[in-house]
Every structure is written in C-alpha cells, then in structure tokens.
Amino acid sequence: MTIVEQIDPDRLRAAVSTALADGARFSSAWATAERGWRIALNSDGHQTRVLSCKVPPHGVVDSIIELAGAAVWDEREAHDLYALPFAGHEPLRALVRHPAELSAWTTPVRGDGVHQVAVGPIHAGVIESGHFRFHCVGDQILALDTRLFHKHRGLERAAEGHAPQDALAHVARACAACSVANSVAYALAAEDALGLTSGGELARQRTVLLELERTYNHLHDIGAICAGVGFAAGAMGFAALKDRAQELCRAAFGHRFLFGAVAVGDGPCALEGLSLEALRAGLRELRTDATAAWRDLEFAASLQARLDGIGLLDRTAALRLGVVGPAARAAGVAIDARVGHPHLTTAGIEPAALSHPDGDVAARLKIRAAELIVTWDLLDELLSRPLERCRTVASRAPSAIGIGRTESPRGESVCAVELAGGRVARVHLRTGSYANWPAVAAAAAGNQLPDFPLINKSFELCYACADR
Amino acid sequence: MFTLLRQLDTLRRGAALQRDGRRWMAIRHVDAGSCNGCEHELGLLTTPLHDIQRHGLDIVASPRHADILLVTGPVTHHMATPLRTAYQAMPTPRLVAALGDCALGCNVLGDRTQFVGRLEDVLPVDIRIPGCPPDPATIAATLLTALAELRVQPRS
C-alpha cells in the first residue's frame, strides 16, 4: 500500500533530502491540474511513499534535481504541461513544448570548429520520430540534445474521467513494445488505489505475460545492435527469432503484442483454448535456436570488434542519472523491479549480472543475452501447470493514490493513479525509456558521430513510451 | 554463423507469397505519432520470412527516392509539418499509404486536441492497411493487392 503524505511546498525539498539520505530512491513525480505536485520515493524494494503538495497560485516549488538527477525531465514536463515553476532548476528548458528558438532547449556549446548536426524527427530507417541535435567537432560528439515528444498524444489527459478499467486502454497504447509492462503497472496502481489485492494465480499469469514481452523485446534488441554495426546475418536472424516469439504470443493469448491480455482486477480473458503445453514447447524450441544464434554472435569477430568501449555509461553516471533496466545492470547497478515484487511471481528472482559490467555497448548486448536465460527458466517453470480463472479480492479501504511498478524490457515502469469518485482523476506513467533517454545523450558524448546509431540501439528506447 | 544462415535459408524457402517481377517501387515510412507497434511489424517486412524486396518493394531512407509514403499513427501537431515536408520532397507521381488503425482515424486513443486530424485530412490517401497493428504478412499482402488494383498509377 502506498503511503501519501501532504506536505508544505517549502518543506518538500528537505523531506526529499532526508528520505534519499535514508536510502530511498526517486521513483516518479507528476503534477496535477490543481497545481498539485507529487514526488514518489521508493524504499525497501517496494514500499512507495508519495510526498504531495499544493503549489499556491503565484508560488513556486523548490527543484529537487540537485538531490535526484533523475527528476530533471519530470520537472521540465510539469513546467511545460502544468505550468509549475521550479526554483533552482536553471535553465528550465522546454521538453514537451517545441519553441522555435534553439536556445530554449539546447545546451550552449562554443569553441573553435564546433558545429551542429540536426537529425530527425524523421529518421532514415523504420524508426519512431524524434529529433537529435549533435554538437560536434569534426566527427566527434561533444554533446547531444534530444528533442522528443513529437509523438505526444495526451494519453494521460485522455484517460482522466474514465472508470479504472476503461482508462487502461490509453495507458496500454502508450507503447506497443512495453504494453504489458505499462498495463500491469497501471492495473497494480489502480488496484492499490481501489484496495484490491491479487492472489498468487493472478501474479503468475501477469508474470507470464511480462516475461513473454521481455522475450520478444530482448531478441529484437540483440538484432537491433547487430543492425547498428551493419551485421546483417545477426540482425535478420534475431528479427526472425523475435517474429517467432511474437507468433507464440499470438497463438497463446491472441495478439502478437499481447494487447488486451491485462485487465484491472482480473486475469487474461482468453484462457479458453489456450494450449500451455504448445507455448512451453514453442519456447523451448525458440530457446535452443536463440542460444545457438547467440553463440554465433559471440564468435562473429566483425561484430564483436565494434562493441567494446563504445557509448560508455559508467556506474557513477548511471546512478547520477537514475538509469534503470538493462542499461543500469550493464553498468553494474543491480536494480530490477522484479526483485521482491509483492504482486508478481518474481520475488525470489536473481537478475542476471555480468562479470565485467563495463557500461558500454558490449555490456548492454551481453546483459540482454544473460537476462534471456533467466526469463526462459522462469517461463518454463511458470507454465508447468494450467492457468486458472482468477480475480483480485477487496482487502482494505480504497486510497486516493495508487502506485504500480513493473520491470519492462527497458527498465522500471512506474504508474501512478489518482481516483476521485471511482473515476480516474490523474494517471501518470513513467517508463524505463523516459528514465533512460538522458543517459543516451550522456553515453553519446565523446564518441564518433557514426557510432551514434549503434549507441542508440544498445539502449533501444521507445519514443512512444516517453512521449505518451 | 551457420545456425543463423541456415535459419534464414529455411525461412526464405518457406515464405508463401509469389514473386512478382513486374514493378519496383520504393517506400518511405513516416511515423506521425504511433505507439511503435506498426513500426515493429513494418520492420519485419524486410526480414527473410516476409522479404518484400522479392515482390518489387523496398523501404528507402529518403522521401526523394520514394514512390510510396507509408504513414503510421494519428497525426500529432508536432509531426504534421515534418510529414508534409516529406511528402513535398517526393518525386511525382507518388502514393500515400495509411498503415494501421490510427493512421486510418479508427479507435484513436489520446487527447483529440493533440492531433491535427486523420491522415486523410492532411494528405490524399491511396492505400489503406487496417489493423492494430496489422501483422507483417497482412501489411505485405494488403500493399501488394492494393498496388495490383491501382495498376500502379500513382498520383501526379
């Protein structure tokens, strides 16, 4: 259950500082239409505390970015969408809004031979839309400013006013590739607010869906890194493996991206006709082929020679920026929302770790292969007995704010739901991609411009997930 | 490497669509605000199982080299201008294809005020590929059928 504390805006910064000193981690932050500002802090694994304040009409709220570097985007977003002013966040650059003048959103870079390279929003391949502005000397990247939110669809606003189950559709479509992770995070948040608790069977079914999503995404991401160095056999081979994983999702749950499989208070609806044995056998075959294909990649010298030391994001930088997911674990930051999760069957999971978490492209590639092994094992165990109909049960009084957390293929996805009169008053989704985009810019600095596609692919973040 | 290449060979042999050597057309994709589902599926079109190059279609990097503008997503305000710029950069004759339900204006989720309207309100749409998202085989089949029906007479 989420603990909500009302606090005076003047005392917010000190309260965050104390909590962080006590070992809490910045989890999410969001503004509301009534000039509300909430900061969610996470401690002891899954205990979330929300500090909530109301900013007076002409008042300001103290920035916390010097305490928690992860909050930079959250404050910029709250300023753009809810006009909240932050004292001490200088310069408070535009994030969601796209002002015309460059100085409103780019880092000032001066010096001999510095020039800018503008890329996007339309990219050369079949890629989502977003704009990158590189500050370079020759081919070397000095700094990168990302301008995303070209795909801002106002999904959070659109979800407001709906019953909790109906609002789910807006959250689910924030991103297709992380749709299960975001949907389960939302369902858990709504259930937290409604006072519902899921039992072991629902936890197992949701874990199956989450790990299936991780399977096809990690296969995809390995292929994407191969594409990033122009290694076609690996790119094509792993794309084909991903395609097979998605076909298994369709055969089992009726959709290649598992759309519609998550519900608030309920398990997957399409259990009838589901052949678990076929799914389990299909996954075992896929595992055999993916393992052999991975072995090929390990011995492909033209691929391996391009990965070491590229796009370095070390442990210190990862911690400073609040990086999550495979990118964090590849830099030796052992965080994974699955560990100790009270509502999923992953409580005892041991996340994969690398012997040399170097934080480069090579490490981000290896961690995905290592994580796939954990996921294959987990799925095989979870699918060893039939799925049964299950629902949540009312276990306590409803609360005003609920929080749900999952580990998406790209990192922790945190969903906050505020209910009023049984309807969604505010929903906020902070995805692994949102948390990690600033890290892409940090990892790119100092590298050669032609290596940027590879560095970008090694994070393989969604634009849709961040833009919402 | 042999495992990978063998797998690709098997897939290529197993692909169902027949070769059609009568045309060659280039596609330029623009994401005008999608959820990334259509992109994932479209990306698989050029992999060995679907291999649309065999059917005289390819995905190219620049609209200046493209015959077909393939658009995904509802059109957001931030993407309306880049979308129009890409269309204007194309040589004529040219075609516009709407990929997925959002581009077709069906069941669009999100805040209406964030969109300029349906793709149809921004550009003339010639080919419609419904689905949420349509799978790679459906995208390939619908494109090829539509092109056969249009008798490849792109708009000038």
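Residues numbered from 1 in each chain as written. Chains lettered and ligands numbered in written order. Predicted model: local features only at pLDDT ≥ 70, side-chain atom pairs only at ≥ 80, totals over all residues. Heavy atoms only, no water.

Counting its secondary structure elements, chain B contains five helices and seven strands. In sequence order, chain B lays out its α and β elements as α-β-α-β-β-β-α-β-β-α-β-α. Contacts spanning at least 24 positions in sequence make up 81% of the contacts within chain B whose residues lie at least 6 apart. Accessible surface, chain B as shown: approximately 6700 Å² in total, 51% of it carbon and sulfur. (Helix = DSSP H or I, 4+ residues; strand = E, 2+ residues; numbered from the N terminus. Contact = heavy atoms within 4.5 Å. Areas by Shrake-Rupley, 256 points an atom, 1.4 Å probe, with all protein chains shown as cover.)

Attention now moves to the overall build of chain A. Helix and strand content of chain A: 15 helices and 14 strands. The C-alpha atoms of chain A give 22 Å as radius of gyration, which agrees with the globular expectation for 468 residues (23 Å, within 12%). In terms of overall dimensions, chain A has a C-alpha envelope of 60 × 60 × 40 Å along the principal axes. Counting only residues that meet the buried cut, chain A has 62% of its 468 residues in that class. The long-range fraction of contacts in chain A, counting pairs at least 24 apart against all pairs at least 6 apart in sequence, stands at 68%. (Rg over C-alpha atoms; globule rule 2.2 N^0.38 Å. Buried < 20%, exposed > 50% of the residue type's maximum accessible area, 1.4 Å probe, protein only.)

The geometry of an aromatic ring pair comes down to the distance between the two centres and the angle between the two planes. Residue and element names in this part refer to chain A. Evaluated as defined, the whole model comprises 11 aromatic pairs over all chains. Where Trp73 meets Phe149, the ring centres are 6.0 Å apart and the plane angle is 50 degrees; that geometry is what we call tilted. Note that Trp73 is positioned in helix α2 (residues 72-82) and Phe149 in the loop between β9 (140-147) and α3 (155-159), a separation of 76 residues in sequence. Each of the two residues, Trp73 as well as Phe149, counts as buried. Arranged with centres 5.9 Å apart and planes meeting at 90 degrees, the rings of Tyr216 and Phe257 form a pair that is edge-to-face. (Phe/Tyr/Trp six-rings, centres within 6.5 Å; stacked < 30°, edge-to-face > 60°.)

With that settled, the discussion passes to the sheet that holds strand β4 (residues 47-54) of chain A. All names here are of chain A. In space, the four strands of this open sheet follow the order β1-β4-β3-β2, with mixed pairing throughout. In this open sheet, the two edge strands, each paired with only one partner strand, are β1 (3-6) and β2 (25-31). With direction set aside, neighbouring strand axes in the sheet form an average angle of 20 degrees. Summarising the sheet, strand β3 (residues 36-43) and β4 pair through eight bridges and their orientation is antiparallel. Within β4, the position partnered with Ala40 by the bridge is Val50. Sitting on the sheet, helix α1 (residues 9-21) is in contact with β2, β3 and β4, with an inclination near 165 degrees to β4. (Pairing = 2+ DSSP bridges. Axes fitted to C-alpha atoms, helices over the stretch in contact; angles between N-to-C directions.)

Now for the domain arrangement of chain A. The domains assigned to chain A are domain 1 (2-87), domain 2 (102-147) and domain 3 (155-433). For domain 1 of chain A versus domain 2 of chain A, the separation of C-alpha centres amounts to 30 Å. (Domains from an automatic or database assignment.)

Turning our eyes to something else, we now look at α2(A). α2(A) sits mainly inside the fold: eight of its 11 residues count as buried. Those residues of α2(A) that fall on the buried side of the exposure criterion are A:Trp73, A:Asp74, A:Glu75, A:Arg76, A:Glu77, A:Ala78, A:Asp80 and A:Tyr82.

What follows covers the side chain of A:Asn217. With respect to the helices and strands, the residue A:Asn217 is situated in helix α6 (residues 200-228). Not counting residues within four places of it along the chain, the set of residues in contact with A:Asn217 comprises A:Ala177, A:Pro409, A:Arg410 and B:His40.

Take the environment of B:Val125 next. By secondary structure assignment, the location of B:Val125 is in the loop between α4 (119-122) and β7 (127-129). As for B:Val125 and B:Ala103, which are separated by 22 residues in sequence, their C-alpha atoms are 9.9 Å apart.

This brings us to the interface of chain B and chain A. Facing 45 residues of chain B, the contacting portion of chain A comprises 54 residues. Roughly 3700 Å² is buried in total at the junction of chain B and chain A, and carbon and sulfur atoms are behind 65% of that figure. Per-residue buried area on chain B facing chain A is highest for B:His40, B:His78 and B:Leu109; these three make up 17% of the total on that side. The interface formed by chain B and chain A includes three salt bridges. The closest approach of N and O atoms between B:Asp135 and A:Arg250, which form a salt bridge, is 2.8 Å. Where chain B touches chain A, the interface holds 18 residue pairs in polar contact (both at pLDDT 80 or more). Contributing elements (two or more residues each) for the side of chain B that touches chain A: α1 (2-14), β1 (25-31), α2 (37-43) and α3 (77-89) of chain B. Tallying contributions element by element places α1(B) first for the side of chain B that touches chain A, with seven residues. Grouping the amino acids of the side of chain B that touches chain A by side-chain chemistry returns 23 nonpolar, 16 polar and six charged. (Buried area = accessible area lost by both parts, 1.4 Å probe. Salt bridge = Lys/Arg side-chain N within 4 Å of Asp/Glu carboxyl O. Polar contact = N/O pair within 3.5 Å; in protein donor to acceptor, adjacent residues only side chain to side chain. Nonpolar A, V, L, I, M, F, W, Y, C, P; charged D, E, K, R; others polar.)

What follows deals with the pattern of salt bridges. Scanning all chains against the criterion turns up 39 salt bridges over all chains. Through salt bridges with shared partners, one network takes in A:Glu211, A:Arg214, A:Arg329, A:Asp336, A:Arg338, A:Glu371 and A:Glu407.

This part is about the packing of α2(A) against helix α13 (residues 432-444) of chain A. Residue and element names in this part refer to chain A. In contact at an axis separation of 10 Å, α2 and α13 are set at 110 degrees when each is read in the N-to-C sense. Put simply, α2 runs roughly perpendicular to α13. Contacts from Trp73, Asp74 and Glu77 in α2 reach Tyr434, Trp437 and Pro438 in α13. Class assignment for the residues of the contact of α2 with α13 results in four nonpolar, no polar and two charged. (Parallel < 35°, antiparallel > 145°, perpendicular 65-115°, else oblique.)

Right, let's get into the environment of A:Lys366. Residue and element names in this part refer to chain A. Counting through the fold element by element, Lys366 comes out in helix α12 (residues 361-382). Between the alpha carbons of Lys366 and Trp294 there is a distance of 9.7 Å; along the sequence they are 72 residues apart. Look past the residues within four positions of Lys366 in its chain and what remains in contact with it is Trp294 and Leu354.

The next thing to look at is the pairing of β1(B). All names here are of chain B. Along β1, seven of the seven residues are buried, which leaves the element largely enclosed by surrounding structure. Between the parallel elements β1 and strand β2 (residues 57-59), the chain passes through α2 in a crossover that is right-handed. Here β1 pairs with strand β3 (residues 68-72) via five bridges, running parallel. Considered in β3, the bridge of Asp31 is made with Thr72. (Right-handed = clockwise from strand over helix to strand, strands pointing away.)

Once that is clear, we can look at unusual backbone geometry. Look at the link from B:Thr92 to B:Pro93: it is a cis peptide, with omega at 0 degrees. In this structure, B:Pro93 sits in the loop between α3 and β5 (95-99). Cis rather than trans, the peptide bond between B:Cys132 and B:Pro133 has omega equal to -20 degrees. As for its placement among the helices and strands, B:Pro133 is situated in the loop between β7 and α5 (136-150). One non-glycine residue with positive phi stands out, namely A:Ala83, at about 55 degrees. Its place among the elements puts A:Ala83 in the loop between α2 and β6 (86-87). We classify A:Ala83 as partly exposed; its relative accessible area is 49%. For A:Leu258, which is not a glycine, the phi torsion comes out positive at approximately 60 degrees. When you line up the elements, A:Leu258 lands in the loop between α7 (232-253) and α8 (276-298).

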